[in-house]
Amino acid sequence: GTFIGQCAEFCGLSHALMKLEVVVDSPADFDSWVGQQGSPAGSLEAGDPLAALADEGKDVLMRSGCIACHRIDGTSAQGLLGPDLSHVGSRRKIAAGILDNTPENMERWLRDPTAIKPGALMPNLQLAEEDVRSLAAYLLSLQ
């Protein structure tokens, strides 16, 4: 099953918003998940209508400063300060459990992180709207 938890130590202004999910799987499902997490995230198939947008989003990520804090396996993004985004597209929640991981919420988060999570260390990079859209598509493609 899935069990909901709450951050138990004061970690900043948004402490009360920080949630976590614990998913209990069968040993076989857990082993499969571990194997998937240990390999580079897949990319969208060439025929997928979002593939070109996701490719643009990868370029945005590489030039916008995201790589200074975030890591994505198989890329030059090797930052250690922020969360590892290698499989962020497969997560059920983003922003420390505040938002469901949907295209709309990913875009909201990228537009202005501190509007969602006051005190967040992730800066508002003032991305152009087309960059927000393509970056969200790329991040969501990281399954």
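What you are looking at is a predicted structure, and each value in this text was computed from that prediction instead of being measured. (Residues numbered from 1 in each chain as written. Predicted model: local features only at pLDDT ≥ 70, side-chain atom pairs only at ≥ 80, totals over all residues. Heavy atoms only, no water.)

Asks: Go over the packing of helix α3 (residues 103-111) against helix α5 (residues 129-141), please, and point to the residues and values.
Replies: Where α3 contacts α5, the axes come no closer than 9 Å and their chain directions differ by 125 degrees. Judged by the inter-axis angle, α3 sits oblique to α5. Considering the relative orientation of α3 and α5, their crossing is right-handed. Contact residues: Pro 103, Met 106, Glu 107, Leu 110 and Arg 111 in α3; Glu 129, Val 132, Arg 133, Leu 135, Ala 136, Leu 139 and Leu 140 in α5. Of the residues assigned to the contact of α3 with α5, the class counts are eight nonpolar, no polar and four charged. (Axes fitted to C-alpha atoms, helices over the stretch in contact; angles between N-to-C directions. Helix = DSSP H or I, 4+ residues; strand = E, 2+ residues; numbered from the N terminus. Parallel < 35°, antiparallel > 145°, perpendicular 65-115°, else oblique. Left-handed = near helix turned anticlockwise from the far one by under 90°. Contact = heavy atoms within 4.5 Å. Nonpolar A, V, L, I, M, F, W, Y, C, P; charged D, E, K, R; others polar.)

Asks: So what about the confidence of the model for the chain? Which residues, and what values?
Replies: On average, residues of the chain score 90 in pLDDT, and 98% of them reach the 70 mark or higher. At the low end of the mean pLDDT range in the chain sits strand β2 (residues 19-23), at 85; at the high end sits α3, at 97. (pLDDT = per-residue confidence, 0-100.)

Asks: For the pattern of salt bridges, give the residues involved together with the corresponding values.
Replies: Tallying each qualifying case throughout the model produces seven salt bridges. A salt bridge links Lys 93 to Asp 100, with the nearest nitrogen and oxygen atoms 2.6 Å apart. Of the residues examined, Asp 100 reaches a relative accessible area of 41% and is grouped as partly exposed. In the salt-bridge network here, residues are joined through shared partners; they are Arg 71, Asp 73 and Asp 84. (Salt bridge = Lys/Arg side-chain N within 4 Å of Asp/Glu carboxyl O. Buried < 20%, exposed > 50% of the residue type's maximum accessible area, 1.4 Å probe, protein only.)

Asks: Summarise unusual backbone geometry; cite the residues concerned and give the values.
Replies: One non-glycine residue, Ala 95, lies in positive phi territory at about 60 degrees. By relative accessible area, which is 11% here, Ala 95 ends up buried. Even without being glycine, Ala 96 reaches a positive phi, approximately 60 degrees. Relative to the helices and strands, Ala 96 resides in the loop between β3 (93-94) and β4 (99-100). Judged by its relative accessible area of 27%, Ala 96 falls in the partly exposed class.

Asks: Give me helix α2 (residues 51-63): which residues, what numbers.
Replies: Taking 1.5 Å of rise per residue, the 13 residues of α2 would be expected to cover 18 Å, and the 19 Å separating its terminal C-alpha atoms lies within 8% of that figure. Regarding α2, the residues found buried are Ala 51, Ala 54, Gly 57, Val 60 and Leu 61. All buried residues of α2 fall inside an arc of 160 degrees around its axis, so they share one side. With respect to the buried face of α2, the exposed residues turned more than 90 degrees away are Asp 55 and Arg 63. Packing partners of the buried residues in α2 comprise α5. Backbone geometry just downstream of α2 places Gly 65 in the positive-phi region, at approximately 100 degrees. (Expected span 1.5 Å × (residues − 1). Arc of directions from axis to C-beta.)

Asks: Lay out the nonpolar core in plain terms, naming residues and giving numbers.
Replies: One finds Leu 61, Met 106, Trp 109, Leu 110, Leu 135 and Leu 139 to be the most contacted residues of the largest nonpolar core, which totals 25 residues. A per-element tally of this core places α5 first, with seven residues. (Core = buried A, V, L, I, M, F, W, Y, C linked by side-chain atoms within 4.5 Å.)

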